[in-house]
Amino acid sequence: MTVVAMWCRHEGDDIIGIGKHIPWNVPSDAKHFLDVVDGQTVVCGRLTYESFPNRTIDGCRIFVLTSDETYEVSDNAHHCIISSQRPLADLEEDIYVAGGATVYHLFMSGKEKLKPQVVVDCVYTGELLKCDGEPVSVTDCVAVLQKNYRRVSPFYILDNVESAIWIRKGEFVEQSVLKRLISILEQNAEIRW
Ligand SMILES: NC(=O)c1ccc[n+]([C@@H]2O[C@H](COP(=O)([O-])OP(=O)(O)OC[C@H]3O[C@@H](n4cnc5c(N)ncnc54)[C@H](OP(=O)(O)O)[C@@H]3O)[C@@H](O)[C@H]2O)c1
């Protein structure tokens, strides 16, 4: 099992959301996310789940973290709720950690077996849109990234987003996982080391 976390954060302040919104509109960034999780098993927090159109991502199995045992998912065949990371530890398939901040924090700082071996760190360098709500940031996760991970790819630059792949120090990562991520990020991108 490989655990992959992917986020897009704003340069400088590491904001990933304001209220329930992502404060930028970059279709190629949204497409990267959908291409990366296509056909995969995804874990996300309840608020992020509710931000997906129709509370779903086509083709994904989704684990929704919530403390609400009565929470109803939109698709009982492919989505289920979990109240901790525990049920994920025995999965054989790869897991894609899709946020939000509480869930990135849980995985980056939580159980050893479920710490992401791979992080796709995307940095948006444009202006933030004005949105209602409080800013949500991943500064703590970026500190863990910079301390415990090493960058193994160039920066793939497209539409004000600079993306790079990081691997946890000392980890062996399936080459097929990395190749797939690179093939998605490099499409139409300017490449810079
Ligand atoms: N830019 C990006 O890459 C990106 C990616 C994803 C999300 N976002 C943004 O991030 C923001 C949402 O992030 P968020 O941190 O506020 O919310 P979130 O992580 O999406 O969801 C938080 C909820 O998840 C549940 N949860 C989290 N950890 C849990 C645990 N250990 N056990 C049980 N339940 C747990 C709780 O649900 P209950 O309250 O039901 O118990 C909690 O209220 C939004 O603005 C979204 O647009 C941005």
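So, how was this worked out
- Residues numbered from 1 in each chain as written.
- Predicted model: local features only at pLDDT ≥ 70, side-chain atom pairs only at ≥ 80, totals over all residues.
- Helix = DSSP H or I, 4+ residues; strand = E, 2+ residues; numbered from the N terminus.
- Rg over C-alpha atoms; globule rule 2.2 N^0.38 Å.
- Buried ≥ 20, exposed ≤ 12 C-beta atoms within 10 Å, placed from the backbone.
- Contact = placed C-beta atoms within 7 Å.
- Near = placed C-beta within 6 Å.
- Nonpolar A, V, L, I, M, F, W, Y, C, P; charged D, E, K, R; others polar.
- Core = buried A, V, L, I, M, F, W, Y, C linked by C-beta atoms within 7 Å.
- Axes fitted to C-alpha atoms, helices over the stretch in contact; angles between N-to-C directions.
- Parallel < 35°, antiparallel > 145°, perpendicular 65-115°, else oblique.
- Left-handed = near helix turned anticlockwise from the far one by under 90°.

Draft legend 1. Region of the structure containing the overall build of the protein chain. Across its full length, the protein chain carries 5 helices and 12 strands. Computed over its C-alpha atoms, the radius of gyration of the protein chain comes to 16 Å, within 12% of the 16 Å expected for a compact globule of 193 residues. Projected onto its principal axes, the C-alpha coordinates of the protein chain cover approximately 45 × 40 × 30 Å. Out of the 193 residues in the protein chain, the part that is buried amounts to 31%. If you take every contact in the protein chain between residues at least 6 apart in sequence, the share linking residues at least 24 apart comes to 70%.

Draft legend 2. Quick peek at the site of the ligand. Near the ligand you find 27 residues, and of these Gly-17, Gly-45, Thr-48, Gly-99 and Gly-100 are the closest. Among the elements of the structure, β1 (3-10), β2 (15-18), β3 (41-45), α2 (46-51) and α3 (101-109) are those that each provide at least two residues to the shell around the ligand. The residue makeup of the shell around the ligand, split by class, is 12 nonpolar, 12 polar and 3 charged.

Draft legend 3. Main features of the nonpolar core. Grouped together as the largest cluster of nonpolar side chains are 48 residues, with contacts concentrated most on Ala-5, Val-42, Val-43, Val-97 and Tyr-104. Val-97 has contacts with Val-3, Val-4, Ala-5, Val-43, Val-103, Tyr-104, Phe-107 and Pro-116, leaving out every residue within four places of it along the chain.

Draft legend 4. Expanded view of the environment of Ile-184. Summarising the element assignment, Ile-184 is placed in helix α5 (residues 175-185). Along the backbone, Ile-184 and Ser-137 are 47 residues apart, and their C-alpha atoms lie at a distance of 25 Å. The contacts of Ile-184, once residues within four sequence positions are left out, are His-32, Asp-35 and Val-36.

Draft legend 5. A look at the packing of α3 against helix α4 (residues 139-148). As a packed pair, α3 and α4 sit with axes 9 Å apart at the nearest point and diverge in direction by 30°. Judged by the inter-axis angle, α3 sits roughly parallel to α4. Like other packed secondary-structure pairs, α3 and α4 cross with a definite hand, here left-handed. Residue-level inspection shows Tyr-104, His-105, Met-108 and Ser-109 of α3 in contact with α4, the latter providing Asp-140, Cys-141 and Val-144.

Draft legend 6. Representation of the packing of helix α1 (residues 27-37) against α5 within the structure. Put simply, α1 and α5 touch, their axes get as near as 10 Å, and they point 155° apart. Taken together, the axes of α1 and α5 are roughly antiparallel relative to one another. Two packed elements cross with a definite hand, and for α1 against α5 that hand is right-handed. Residue-level inspection shows His-32, Asp-35 and Val-36 of α1 in contact with α5, the latter providing Leu-181, Ile-184 and Leu-185.

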